[in-house]
Amino acid sequence: MAMAFATFNLSPSLRFVSNNKGFFDSQLSNSFLSSHLFLGTSSFSVPTLSFSTIHQTSCRPHINASPCSSTSFRCFAQKSPVDGLGSNGASERLVVLVIGGGGREHALCYALQRSPSCDAVFCAPGNAGISTSGNATCIPELDISDSSAVISFCRKWGVGLVVVGPEAPLVSGLANDLVKVGIPTFGPSAEAAALEGSKNFMKSICDKYGIPTAKYQTFSDASAAKQYIKEQGAPIVIKADGLAAGKGVIVAMTLEEAYEAVDSMLVEGIFGSAGCRVIVEEFLEGEEASFFALVDGENAIPLESAQDHKRVGDGDTGPNTGGMGAYSPAPVLTEELQSLVMESIILPTVKGMSAEGCKFVGVLYAGLMIEKKSGLPKLIEYNVRFGDPECQVLMIRLESDLAKVLLAACRGELKGVSLNWSPGSAMVVVMASQGYPGSYEKGTVIQSLEEAENVAPCVKIFHAGTALDLDGNFIATGGRVLGVTAKGRDLKEARDRAYDAVEEIKWPGGFYRRDIGWRALPQNEFARNA
């Protein structure tokens, strides 16, 4: 990358320092954010500072996550046009805002920051790992539940694409509000997000459009639900209808467990309004897999396959979690099965949603069961956003321009688009706080993350729940905290690199599964971590 030349006029209170990476750091007060910045151009000005550049330069503000930090500002040479993007700017240079602050959003920021068509990446609220990695500028003070605040931010900073990570802002209608004022948004409307927001709605779409799924009934009365459970027998699955932070699914192995699950949701109300209806569903035996497709309302293109591990303990034991690890590709999803999933599940859903008057734009994440008895895929559930931690292994393998592809989806232009992926495999091992998915301690110190990432050039640590303490140490603030991700020529090499990195991390307050990928690798491959 060629260096840009720059001239500075500084007030006495400002200091710029150059380093060998080709950017300049300065410490500015937090009031700097109220000044005007022309993103995507080659100049900006504030009352105490004027800055001009020669050649193409991109400037990004970078907010440290430390509670007492001032604002750090970085300026560096803009990426040269690649991948057929002409130097005349015929293809837009995008400023992107990512909504969310977990591991999924860190992975999206990482991929977007590498996109040739992307000039700058913001993330709201973001987290300490996103901020310190330089993958995006974190905006913790932006209230992502306030659509007007998000719209105002987008207009002020010239945001040309918003990528919504979590499901809650989608279900509450953030995409509706942004699209209404002309801001391209990758993520479905509230109406389309009901595919995840209401399991009963998803099941009704399956019924109407012939999409294979488990047999089910929906109940709001506990007695009626228990009677149906008694008739069907155990094992059986009980699901809260609405969003329950990944905790609303109970796989009951006995009738007593099923009755308790019904009472906890319909009588005790442990999930609030999300559990005011329950879906009682047939238990499917087989192997789970995750299938992702980008959708533009009418067309869909598949992403690479992935498989995650939901149970907290080795050997898939213990309660379900948001995901303790994942790998890509997933051998269980053969090319033949992937084609079948597109034809029998994804495309009928896309066409059905369009016919219902609520076109889906975003990523459809199909949780699948490859049935043991038939070998065929059935839909367990839909998520309307990238999975976490599957997103981490997908984004580290993606070689296409993510910003360009997501913008094409927003414009209904996915037809004919194909994606490029790195060969080999990727794996992510999730490190979680002791006690997760139950109660856990916050504020425990994590060390040696830099040493872990230096284990191999293909290792990347995505942060899901971290902050910086007053001494500049990373501390755990969530249940799932780190996603230690690695690529390899095959799954074994990716696995070895990921676990080598995990073993470098000094975090007595954390734990991890030692058998990620066990379904796809021989059992003797796990002896080193037994």
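Owing to the predicted nature of the structure, the values given are computational and were not obtained by experimental measurement.

**A look at the overall build of the protein**
And then number 1: Broken down by element type, the protein carries 14 helices and 31 strands.
And then number 2: Across the 530 residues in the protein, those meeting the buried criterion constitute 57%.
And then number 3: By sequence separation, contacts in the protein at least 24 residues apart represent 68% of the contacts at least 6 residues apart.
And then number 4: Here the protein displays about 21,600 Å² of accessible surface, and carbon together with sulfur accounts for 51% of that area.

**Quick notes on the side chain of Glu304**
And then number 1: For Glu304, the position within the fold is in the loop between strand S18 (300–302) and strand S19 (307–308).
And then number 2: Among the polar contacts listed, one links the side chain of Glu304 to the side chain of Arg397, at a separation of 2.9 Å.

**Things to note about the sheet that holds strand S29 (residues 474–476)**
And then number 1: The strand order across the open sheet built from three strands is S26-S29-S28, with neighbouring strands paired in antiparallel fashion. Edge positions in the sheet fall to strand S26 (445–446) and strand S28 (466–468), since each of these pairs with one other strand and no more.
And then number 2: Direction of pairing for S26 relative to S29: antiparallel, over a ladder of two bridges. If you follow Val445 over to S29, its bridge partner there is Ile475.

**A word on the packing of helix H8 (residues 222–232) against helix H9 (residues 255–267)**
And then number 1: Running from N to C, H8 and H9 cross one another at 160 degrees; their axes reach a closest spacing of 10 Å. Put simply, H8 runs roughly antiparallel to H9. Viewed along their axes, H8 and H9 form a crossing whose handedness is right-handed. Seen from H8, the contacting residues are Ala222, Ala225, Lys226, Ile229 and Lys230; seen from H9, they are Leu255, Ala258, Tyr259, Val262, Asp263, Leu266 and Val267.
And then number 2: The residue makeup of the contact of H8 with H9, split by class, is nine nonpolar, no polar and three charged.

**Describing the pattern of salt bridges**
And then number 1: Per the stated rule, a full pass over the model turns up 22 salt bridges.
And then number 2: For Lys203, the salt bridge goes to Glu281, with nearest N and O atoms at 2.7 Å. Here Lys203 is found in helix H7 (residues 199–209), whereas its partner Glu281 is found in strand S16 (residues 278–282), with 78 residues between them in sequence. Considered together, Lys203 and Glu281 belong to a single accessibility category, that of buried residues.
And then number 3: For Lys208, the salt bridge is made with Glu356, and the minimal N-O distance between the two is 2.7 Å.

**Examining the confidence of the model for the protein**
And then number 1: Across the protein, the average pLDDT comes to 84, with 81% of residues at or above 70.
And then number 2: For residues 1–90, every residue scores under 50 in pLDDT, and the model assigns this stretch 189 contacts once sequence neighbours within four places are set aside.

**Points about the packing of H7 against helix H10 (residues 335–355)**
And then number 1: It is the contact of H7 with H10, at a shortest axis distance of 10 Å, that shows an interaxial angle of 100 degrees. In this view, H7 runs roughly perpendicular relative to H10, as classed from their interaxial angle. The residues of H10 that touch H7, namely those facing Phe201, Ile205 and Tyr209, are Pro348, Gly352, Met353 and Ala355.
And then number 2: For the contact of H7 with H10, a count of residues per class yields six nonpolar, one polar and no charged.

**With respect to helix H12 (residues 402–410)**
And then number 1: For H12, the buried fraction is high: seven of the nine residues fall into the buried class.
And then number 2: Among all positions of H12, only Leu402, Ala403, Val405, Leu406, Leu407, Ala408 and Ala409 are buried.
And then number 3: Here H12 starts with a cap whose side-chain oxygen sits 3.3 Å from the backbone nitrogen of Ala403, and that cap is Asp401.
And then number 4: Positive backbone phi, approximately 70 degrees, marks Gly412, located one or two places after H12.

**Some details on the pairing of strand S17 (residues 286–296)**
Two faces, one strand: in a regular strand the side chains alternate between the faces of the sheet.
And then number 1: For S17, the buried fraction is high: eight of the 11 residues fall into the buried class.
And then number 2: Sheet topology note: the S17/S18 ladder contains three bridges and is antiparallel. Residue pairing across strands places Ala293 opposite Pro302, the latter belonging to S18.
And then number 3: Connecting the antiparallel pair S17 and S18 is a turn made up of three residues, with Gly297 showing a positive phi of about 105 degrees.

**Describing the state of the cysteines**
And then number 1: The full count for this structure, using the stated rule, is zero disulfides.
And then number 2: Cysteine Cys109 remains unbridged, with the sulfur of Cys123 as its closest cysteine sulfur at 3.9 Å.

**Notes on the environment of Ile205**
And then number 1: Residue position: Ile205 is located in helix H7.
And then number 2: Among the residues examined, Ile205 registers a relative accessible area of 3% and is labelled buried.
And then number 3: Considering only alpha carbons, one finds Ile205 and Gly352, 147 residues apart in sequence, at a separation of 7.2 Å.
And then number 4: Residues in contact with Ile205, not counting those within four places in the same chain, are Leu195, Ile211, Met353 and Glu356.

About the criteria used
- Residues numbered from 1 in each chain as written.
- Predicted model: local features only at pLDDT ≥ 70, side-chain atom pairs only at ≥ 80, totals over all residues.
- Heavy atoms only, no water.
- Helix = DSSP H or I, 4+ residues; strand = E, 2+ residues; numbered from the N terminus.
- Buried < 20%, exposed > 50% of the residue type's maximum accessible area, 1.4 Å probe, protein only.
- Contact = heavy atoms within 4.5 Å.
- Areas by Shrake-Rupley, 256 points an atom, 1.4 Å probe, with all protein chains shown as cover.
- Polar contact = N/O pair within 3.5 Å; in protein donor to acceptor, adjacent residues only side chain to side chain.
- Pairing = 2+ DSSP bridges.
- Axes fitted to C-alpha atoms, helices over the stretch in contact; angles between N-to-C directions.
- Parallel < 35°, antiparallel > 145°, perpendicular 65-115°, else oblique.
- Left-handed = near helix turned anticlockwise from the far one by under 90°.
- Nonpolar A, V, L, I, M, F, W, Y, C, P; charged D, E, K, R; others polar.
- Salt bridge = Lys/Arg side-chain N within 4 Å of Asp/Glu carboxyl O.
- pLDDT = per-residue confidence, 0-100.
- Disulfide = S-S within 2.5 Å.

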